[in-house]
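So the chains spell out like this:
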Amino acid sequence: MYDHILFPTDGSDGADAVFAHVLDIATRHGATVHILNVADTTRDSVTRIGGGVVDALAREGERIVDETADRATARSVSTVTDVRQGGVSETIAAYAEEYDIDLVTMSTQGRTGFTQLVLGSVTERVIRQSTVPVLALHPDEGSLRYPYRTVLLPTDGSACAEAALDRAVTTANTLDATLHLLSVVDTSGLSVHSDDQRDTLTAQASRTVESAAETAGAAGVDSVVETTEESDSVPEAVAAYTRTRDVDLVVMGTRGRSNLSQRILGSTTEQTVRTVPVPVLTVSESGSDDTSP
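These numbers come from a predicted model, not from an experiment.

Nonpolar side chains in soluble globular proteins generally cluster together in the buried interior. Among the nonpolar cores identified, the biggest contains 45 residues, and Leu-179 and Val-251 are the most heavily contacted of them. Ignoring sequence-local partners within four residues, the contact set of Leu-179 consists of Val-151, Leu-153, Ala-168, Val-169, Ala-172, Ala-216, Val-221, Ser-223, Val-224 and Val-225. Residues Ala-96, Val-104, Ala-136 and Val-184 belong to the second largest nonpolar core, which totals 31 residues.

Structure follows, in structure tokens:
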């Protein structure tokens with residue numbers, strides 16, 4: 001269960017579009033939503049001009065969090081509001097630690113000042129820095145369904161994928177959802193003559209999925225689907241799977257491995273967050289616990 005959910009907002013259309021989904025989660029779990037606006041005082045344009053601009057950013061921030069809190073109140077969701085100054089992603093990650101936040105919820109699009117913000121900026125940096133799970137929501141996803149009925153865990157058997165498995169299992173149990181386990185054999189680095197290596201990787205992927213299914217079954221998940229695929233693009237394979245299997249949520253670790261090489265955020269996880277048409281919950285190794293959406 002969630003007790004405290006953090007919703008950083010800049011008042012953009014993107015942030016506003018996903019807030020109803022955040023309220024759906026909070027309502028189900030009886031959670032308090034922390035509504036945070038960060039006045040980015042690290043930008044050159046702000047530091048050069050000084051106090052007047054900072055004050056204007058703070059006033060705008062107060063307006064944003066108050067209006068957002070009013071929407072929560074209308075849904076009988078309790079809130080805490082705050083406006084802080086500093087670097088945006090660093091402040092969000094620090095706030096989550098300070099207040100023992102269970103889940104950070106963020107739109108993948110927003111603005112900073114008058115500049116359009118895209119994934120690869122604030123949301124990406126928060127995912128990199130946060131020890132708290134981050135739920136990335138696309139404002140153009142249309143109607144977001146909650147509670148989730150179909151949860152997908154792409155797994156490569158890495159330690160961080162195991163942390164994500166814990167979260168995915170708890171999510172499936174809490175929401176009585178079907179858990180899909182997918183291991184994609186990355187063929188992009190294989191030569192056409194490397195049949196032995198392909199067979200080895202396929203067998204490894206099968207063992208990974210089977211092991212994850214055993215863990216899920218032992219934890220009480222009633223419905224588990226196991227799939228192993230080959231693709232020269234793991235993110236594209238995951239995105240295609242979400243569309244064909246009507247997936248509501250993807251759960252991923254922020255680090256993993258590709259074949260025998262360590263894969264860091266910036267490749268598979270980042271590209272998956274960018275491309276899948278559903279919410280993505282990212283989990284670091286240190287962010288694994290029994291709390292779940």
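That covers the picture; the talk isn't over yet.
Moving on to the packing of aromatic side chains. Counted by the stated rule, this structure contains three aromatic pairs. Between Tyr-146 and Tyr-148 the ring centres are 4.8 Å apart and the planes differ by 85 degrees, which places this aromatic pair in the edge-to-face class. Taken as a pair, Tyr-146 and Tyr-148 share a single burial class, namely buried.

Considering the arrangement of structural elements, one finds His-138 in the loop between strand E7 (134–137) and strand E8 (150–154). In the structure, His-138 is positioned 29 residues away from Gln-109 in sequence and 7.2 Å away in space, judged by C-alpha atoms. Once residues lying within four places of it in the same chain are set aside, the contact partners of His-138 are Val-18, Thr-108, Val-273, Arg-274, Val-276 and Val-278. Looking at His-138, its side chain comes within polar contact range of the side chain of Thr-108, at 3.1 Å.

Rules used in this analysis
- Residues numbered from 1 in each chain as written.
- Predicted model: local features only at pLDDT ≥ 70, side-chain atom pairs only at ≥ 80, totals over all residues.
- Heavy atoms only, no water.
- Core = buried A, V, L, I, M, F, W, Y, C linked by side-chain atoms within 4.5 Å.
- Buried < 20%, exposed > 50% of the residue type's maximum accessible area, 1.4 Å probe, protein only.
- Contact = heavy atoms within 4.5 Å.
- Phe/Tyr/Trp six-rings, centres within 6.5 Å; stacked < 30°, edge-to-face > 60°.
- Helix = DSSP H or I, 4+ residues; strand = E, 2+ residues; numbered from the N terminus.
- Polar contact = N/O pair within 3.5 Å; in protein donor to acceptor, adjacent residues only side chain to side chain.

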